[in-house]
Amino acid sequence: MFFYANPILIAAAVIPAIVLLRYIYKKDALEKEPKRLLISLVARGVIATFLAMITEGAGDWILSGFVPQGTVAYNALMYFVVVAFSEEGFKYLMLRHRTWNSPDFNCSFDGVVYAVFVSLGFALWENISYVSAYGLGTAAVRALTAVPGHACFGVFMGSWYGMARWYENFGDTEKSKHYRRKALFVPALLHGCYDFIATIDNSLFAMIFLVFIAFMFSSAHRTVRKLSHDDRYIDSNGYFTL
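Starting from 1, residues in each chain are numbered consecutively following that chain's sequence as written. This being a predicted model, a pLDDT of at least 70 is required before a residue's local features are given, and a value of 80 or more before pairs of side-chain atoms are given or counted; all residues contribute to the totals for chains, interfaces and linings. Hydrogens and water are ignored here; the side-chain numbers use all heavy atoms of the structure.

(A) View of the pattern of salt bridges. By convention in these notes, a salt bridge is any Lys or Arg side-chain nitrogen within 4 Å of a carboxyl oxygen on Asp or Glu. The full count for this structure, using the stated rule, is five salt bridges. A salt bridge links Glu168 to Arg180; its shortest N-O distance comes to 3.7 Å. On the criterion of sequence distance, the pair formed by Glu168 in helix H6 (residues 146-169) and Arg180 in helix H7 (residues 173-198) is long-range, its members being 12 residues apart. Exposure is judged per residue with a 1.4 Å probe applied to protein chains only, and the accessible area is read against the type maximum: over 50% gives exposed, under 20% gives buried, and values in between give partly exposed. For Glu168, a relative accessible area of 29% puts it in the partly exposed group. Asp230 serves as the salt-bridge partner of Lys226, at 2.9 Å between the closest nitrogen and oxygen. In this text, helices come from DSSP runs of H or I with a minimum length of four residues, and strands from runs of E with a minimum of two, each type numbered from the N-terminal end.

(B) Here's a closer look at the packing of aromatic side chains. Only the six-membered ring of Trp is used, alongside the rings of Phe and Tyr, when aromatic pairs are assigned; centres must lie within 6.5 Å, and planes under 30 degrees apart are stacked while those over 60 apart are edge-to-face, with the rest tilted. The final tally for this structure, using the stated rule, is 14 aromatic pairs. Pairing Phe50 with Trp125 gives two aromatic rings, centres 5.8 Å apart and planes at 50°, and the pair type is tilted. Residue Phe50 is found in helix H2 (residues 35-64), and its partner Trp125 is found in helix H4 (residues 110-134); the two are separated by 75 residues along the sequence. For Phe50, a relative accessible area of 40% corresponds to the partly exposed category. Aromatic pair Tyr194 and Phe209: ring centres 5.1 Å apart, planes at 70°, arrangement edge-to-face. Taken together, the residues Tyr194 in helix H7 and Phe209 in helix H8 (residues 203-229) connect sequence positions 15 residues apart. For Tyr194, a relative accessible area of 10% gives the class buried. Among the aromatic residues, those joined into a ring-pair cluster are Tyr92, Trp100, Phe105, Tyr114 and Tyr161.

The analysis is restricted to geometry; functional conclusions fall outside its scope.
Structure (structure tokens):
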């Protein structure tokens with residue numbers, strides 16, 4: 001794909017993710033993460049796209065055998081269950097496999113950095129596919145919606161993931177499990193809402209979609225600012241609150 005795609009389209013697809021990656025990297029003020037680790041997380045986000053494609057295809061095939069395509073029930077199950085848990089689930093698995101026991105995971109804000117880098121690796125590759133197929137108009141729309149949407153899912157995943165690692169460090173495994181579940185289910189729910197609302201071809205729902213993403217983007221921005229400001233080493237006393 002890279003050999004034949006228009007370089008302008010590739011740049012249009014990649015730049016939004018790079019801008020957001022740089023923003024999150026700069027917010028990590030207490031102790032910067034190794035670049036090799038961050039690059040590996042972006043690569044794992046790309047891998048997650050291919051894994052999600054397989055499970056989404058299988059889920060669509062199974063679901064269409066029981067529920068008529070295009071119905072509200074089909075869309076709800078497809079986007080809230082199949083798509084949301086395929087994409088956020090594989091992001092989470094890639095995140096946890098690479099970072100949970102990493103010695104570099106030593107600050108509370110690291111969870112946000114790691115999760116956003118995985119999410120934007122996913123978004124970057126997905127965006128290249130869409131923009132290469134549909135052109136610059138799609139690039140402009142996705143730069144304002146889908147790419148920052150994936151970043152937001154990563155922010156919420158990472159905020160709970162960081163809390164889970166802190167409680168694990170202090171031996172509270174039950175709370176750690178609780179926050180790990182939140183790290184998966186909260187972004188999956190948001191992802192399902194995003195996709196489900198976006199597929200309804202109705203002017204009222206178009207307004208609802210705009211309100212939803214504005215609220216989600218502003219909440220994610222406030223979360224990043226707060227957790228960056230309150231960042232501390234995981235082995236210190238006390239913890240930030242969300």
